[in-house]
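Now for the letters of each chain:
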Amino acid sequence: MFPLSLLTTAKGNPMLIELKNGDTYNGRLVNADSWMNISLQGVICTSKDGDRFWNIAECYIRGNSIKYLRIPDEIIDMVQEEEMPVKDKNKKSFSHRGRGGRVNTTGRGRGRGGRGGRRGEGRGNDGRGGPRGGAR
Amino acid sequence: MTSKPTVLDLEKYIDQEVSVKFQGGREVRGILKGFDPLVNVVLDECVETLRDPNDAYRLTDKTRRLGLVVCRGLQVSLVCPNEGLQEIENPFGQQPQI
Amino acid sequence: MAGRLLPLELVDRCIGSRIWVIMKGDKEVVGTLRGFDEYVNMVLDDVTEYTVTAAGREKNQLDQILLNGNNVCIMVPGGDPEASSSSSSSSS
């Protein structure tokens, strides 16, 4: 899957962004565009050295200043869910209607949602402390 | 689906104080007076927060008044409203590992 | 979608006047703005170039220059680094 489609699927979800200047921003993704410019809400900014913290209500981050983004694991599952209906539509045009695809998608969605919720909480807590340790 | 020229509509911050960070480490704050889709920005009563001459990423308490300025959108790395901006204690409940 | 005051309009109004250009790094330039293009490359006259170092500010005089817009960060119409006041403030 493409990085930008993963990002647009992640709208509404919390994530961690590290900028090239070393600052990190933990917040909920509101919007993203094709240049990876993003807007976040409910943000905690941590300075490069990890010694100062700020609460920021909302911010705009320019895509080319982003070093990386850490997103919750379950987002990957959400992207595959979105790709599935598209693939099924393509298949439908060539074959019979009412393929099993529709049923499978709902089943997978439920299963993934349940697993994702539990994993998300765990990952969210680790993610904040973790990346800095990993990066250094 | 409506798509605005920017992911964050700066119109709502007109006449409010915003902070702008630049690539290279510069930081300013000022009253947002205008902007364009490339995020070139006009700030009034702009103040630059100066950095430590020995460490470009360390902010000091020193500032200098610039007045009415135009900030180049291509160099902008972050824009945020100063309302709701607040320095806080470590919110993560553990020492960040360095 | 754009604000009431367009940034490049403000720069355009400054043509013929002094302008203080602060670059991405530690260089600043003050001169009379003769013109600029869509990349904000600028032609400046009677230029004073300042380099800010830990030791202090260095000055350099130049006649007419074409300033590459690539590193232009902040433009202050009618501004002057010598007039600008530096102050300490307690962070809130």
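Residues numbered from 1 in each chain as written. Chains lettered and ligands numbered in written order. Predicted model: local features only at pLDDT ≥ 70, side-chain atom pairs only at ≥ 80, totals over all residues. Heavy atoms only, no water.

- The name given to chain B in an unreviewed UniProt entry is Sm domain-containing protein, and the organism recorded there is Chrysophaeum taylorii.
- Annotation of chain B in UniProt includes, under Sequence similarities (unreviewed entry), the sentence "Belongs to the snRNP Sm proteins family."
- As stated in UniProt under Subcellular location (unreviewed entry), the record for chain B gives "Nucleus". (UniProt positions renumbered as here; feature names shortened; annotations may be inferred.)

- Looking at an unreviewed UniProt entry, one finds chain A named U6 snRNA-associated Sm-like protein LSm4 and attributed to Chrysophaeum taylorii.
- According to UniProt, the comment filed for chain A under the heading Function (unreviewed entry) is "Binds specifically to the 3'-terminal U-tract of U6 snRNA."
- UniProt's Subunit (unreviewed entry) comment on chain A is quoted here verbatim: "LSm subunits form a heteromer with a doughnut shape."

Comments concerning the nonpolar core
- Core analysis: the largest hydrophobic core is formed by 28 residues, its most contacted members being Leu10, Val28, Leu32, Leu43 and Leu66 of chain B together with Ile74 of chain C.
- Counting only elements with at least two residues in this core, the list comes to β1 (17-22), β2 (27-35), β3 (41-52), β4 (55-71) and β5 (76-81) of chain B together with β1 (18-23) and β5 (72-77) of chain C.
- Not counting residues within four places of it along the chain, the set of residues in contact with Leu43 of chain B comprises Val18, Val20, Val28, Arg29, Gly30, Ile31, Leu32, Gly67, Leu68, Val69 and Cys71 of chain B.
- With 22 residues, the next largest nonpolar core counts Leu6, Ile17 and Cys59 of chain A together with Leu78 of chain B among its residues. (Core = buried A, V, L, I, M, F, W, Y, C linked by side-chain atoms within 4.5 Å. Buried < 20%, exposed > 50% of the residue type's maximum accessible area, 1.4 Å probe, protein only. Helix = DSSP H or I, 4+ residues; strand = E, 2+ residues; numbered from the N terminus. Contact = heavy atoms within 4.5 Å.)

So, the UniProt feature "domain: Sm" (unreviewed entry) in chain A
- Those places that UniProt annotates as "domain: Sm" (unreviewed entry) correspond, in this numbering, to residues 2-75 of chain A.
- For residues 2-75 of chain A, the end-to-end C-alpha separation is 13 Å, with 12% helix and 51% strand making up the annotated structure.

A closer look at the pattern of salt bridges
- Applying the stated criterion across every chain, the model contains 14 salt bridges over all chains.
- The salt bridge partner of Lys21 of chain B is Glu27 of chain B, with a shortest N-O separation of 3.9 Å.
- Across the pair Glu28 of chain C and Arg64 of chain B runs a salt bridge whose closest N-O atoms are separated by 2.8 Å. In this pair, Glu28 of chain C sits in strand β2 (residues 27-36) while Arg64 of chain B sits in strand β4, so the two residues belong to two different chains.
- Given the relative accessible area of 1%, Glu28 of chain C is considered buried. (Salt bridge = Lys/Arg side-chain N within 4 Å of Asp/Glu carboxyl O.)

Considerations on the environment of Ser77 of chain B
- Examined against the element boundaries, Ser77 of chain B turns out to sit in strand β5.
- On a C-alpha basis, the gap between Ser77 of chain B and Leu32 of chain B in space is 16 Å, while along the polypeptide they are 45 residues apart.
- The residues contacting Ser77 of chain B, other than those within four sequence positions of it, are Asn21, Tyr60, Ile61, Arg62 and Ser65 of chain A together with Lys21, Phe22 and Gln23 of chain B.

Some thoughts on the packing of aromatic side chains
- Taken as a whole and assessed by the stated rule, the structure comprises one aromatic pair over all chains.
- Over the aromatic face of Trp54 of chain A sits the side chain of Lys21 of chain B, whose NZ or CZ is 5.9 Å from the ring centroid. (Phe/Tyr/Trp six-rings, centres within 6.5 Å; stacked < 30°, edge-to-face > 60°. Lys NZ or Arg CZ within 6 Å of the ring centre and 35° of its normal.)

Section: the state of the cysteines
- Tallied over the entire structure, the rule returns zero disulfides over all chains.
- In this model Cys45 of chain A remains outside any disulfide bridge; the closest cysteine sulfur is found in Cys80 of chain B, 8.2 Å from its own.
- Among the residues examined, Cys45 of chain A registers a relative accessible area of 1% and is labelled buried. (Disulfide = S-S within 2.5 Å.)

Overview of the interface of chain C and chain B
- The interface is formed by 40 residues belonging to chain C together with 34 residues belonging to chain B.
- There are two salt bridges connecting chain C and chain B.
- Of the charged contacts in the structure, one is a salt bridge between Arg51 of chain B and Asp26 of chain C, with a shortest N-O distance of 3.9 Å.
- Run the count over chain C and chain B and you get seven residue pairs in polar contact (both at pLDDT 80 or more).
- Counting only elements with at least two residues in the side of chain C that touches chain B, the list comes to α1 (7-13), β1, β2, β5 and β6 (86-88) of chain C.
- Residues belonging to the side of chain C that touches chain B are distributed by class as follows: 20 nonpolar, 13 polar and seven charged. (Polar contact = N/O pair within 3.5 Å; in protein donor to acceptor, adjacent residues only side chain to side chain. Nonpolar A, V, L, I, M, F, W, Y, C, P; charged D, E, K, R; others polar.)

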